[in-house]
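Each chain, written out:
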Amino acid sequence: MDEKSGIATLLLNHPEKKNSITGKMMVDLANAIKQLESWETGKGILIYGADNNFCSGGDLNFAQKTGTAEGGYKMATFMQNVLTRLQHLPMLSVAFIEGYAIGGGAELAISCDFRLFSNKDAAMGFVHSKMGIIPAWGGLTTAIQTLGYRTALDLVTTARVVRAAEAEQLGLSDAMVCDLSGALDWLAQRTQHDVSVVRAAKCVANNTRQQGSDNLLDFEKRVFSPLWGGPANKLALSQRIKHK
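Procedures and definitions
Residues numbered from 1 in each chain as written. Predicted model: local features only at pLDDT ≥ 70, side-chain atom pairs only at ≥ 80, totals over all residues. Heavy atoms only, no water. Pairing = 2+ DSSP bridges. Helix = DSSP H or I, 4+ residues; strand = E, 2+ residues; numbered from the N terminus. Buried < 20%, exposed > 50% of the residue type's maximum accessible area, 1.4 Å probe, protein only. Arc of directions from axis to C-beta. Phe/Tyr/Trp six-rings, centres within 6.5 Å; stacked < 30°, edge-to-face > 60°. Lys NZ or Arg CZ within 6 Å of the ring centre and 35° of its normal. Axes fitted to C-alpha atoms, helices over the stretch in contact; angles between N-to-C directions.

A. Representation of the sheet that holds strand β2 (residues 44-49). On the basis of which strands lie adjacent, the open sheet formed by 5 strands has the order β1-β2-β3-β5-β8 and parallel pairing. Two strands bound the open sheet, and with one partner strand each, they are β1 (7-12) and β8 (175-176). By the bridge criterion, 2 bridges tie strand β5 (residues 114-117) to β8 in an arrangement that is parallel. Looking across to β8, one finds that L116 is bridged to A175.

B. Main features of helix α5 (residues 139-147). Of the positions making up α5, those classed as buried are G139, T142, A143 and L147. Down the axis of α5, the buried side of the element spans an arc of 110°, and every buried residue falls inside it. Residue G148 follows α5 closely and has a positive phi angle near 100°.

C. Quick look at the packing of aromatic side chains. Enumeration according to the criterion identifies 1 aromatic pair in this entry. Each ring, one from F114 and one from W186, has its centre 5.1 Å from the other, and the planes form 70°; the classification is edge-to-face. In this pair, F114 sits in strand β5 while W186 sits in helix α8 (residues 180-190), placing the two residues 72 residues apart along the sequence. Take W186: its relative accessible area is 11%, and that puts it in the buried class. Over the ring of W186 we find R190, and its NZ or CZ is 3.6 Å from the ring centre.

D. Representation of the sheet that holds strand β4 (residues 100-102) within the structure. Taken in spatial order, the 3 strands of this open sheet run β4-β6-β7, and their pairing is mixed. At either end of the open sheet lies a strand with only one pairing partner, and these are β4 and β7 (161-163). The mean inter-strand angle of the sheet, taken between neighbouring strand axes irrespective of direction, is 15°. Pairing analysis gives 3 bridges linking β4 to strand β6 (residues 123-125), with the strands arranged parallel. Directly across from I102, in β6, lies its bridge partner G125.

What follows is the structure in structure tokens.
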């Protein structure tokens, strides 16, 4: 966590298996999210994988050891909670996808606010059906909310792995940046303003996309009103930033 920039980086570090997510990594991710939940000056988080690859999904050894309906339900419940908490962080989240983000890796990526692809060959896919399962970490629900019903259902049922150009057309990719430094710069452009403003914008956006949220416009007003006349607003008014 960098206090100066307000950006945290999170590395998926299991390169010998293309950063597949083990049970320990699930717990580590939960602990990282817990830390970020208490980081009051945080504005952004960038998630990336070791060895120029994002994530190949759930670790197959872990899947075999927990391969019962009860084990699947417990694992899905745990990871849904973790990724929901990631989405609810009052900071902007970005997945920087080098290589492949497939299976559970795609679910982690779609749970972020933005996805950046490293080059034309970087790819993302909900390949679960090839393994005889469906997304279970909230990935299908979030994909429907992000991409729309038909696109999300098509991607899951075909198990297609889409590369950068198609990913951009579908709304899976927000930009192409060549390296980690470029991804950090991209995020920094969106977290350059006062922490209160960035976190308030994310808070309203989060509330709006949640199913069943009551009176979305009223919620937006209540989050906005403390910013009106607040320190950042007053500074901007004094510098006439809007007209520069």
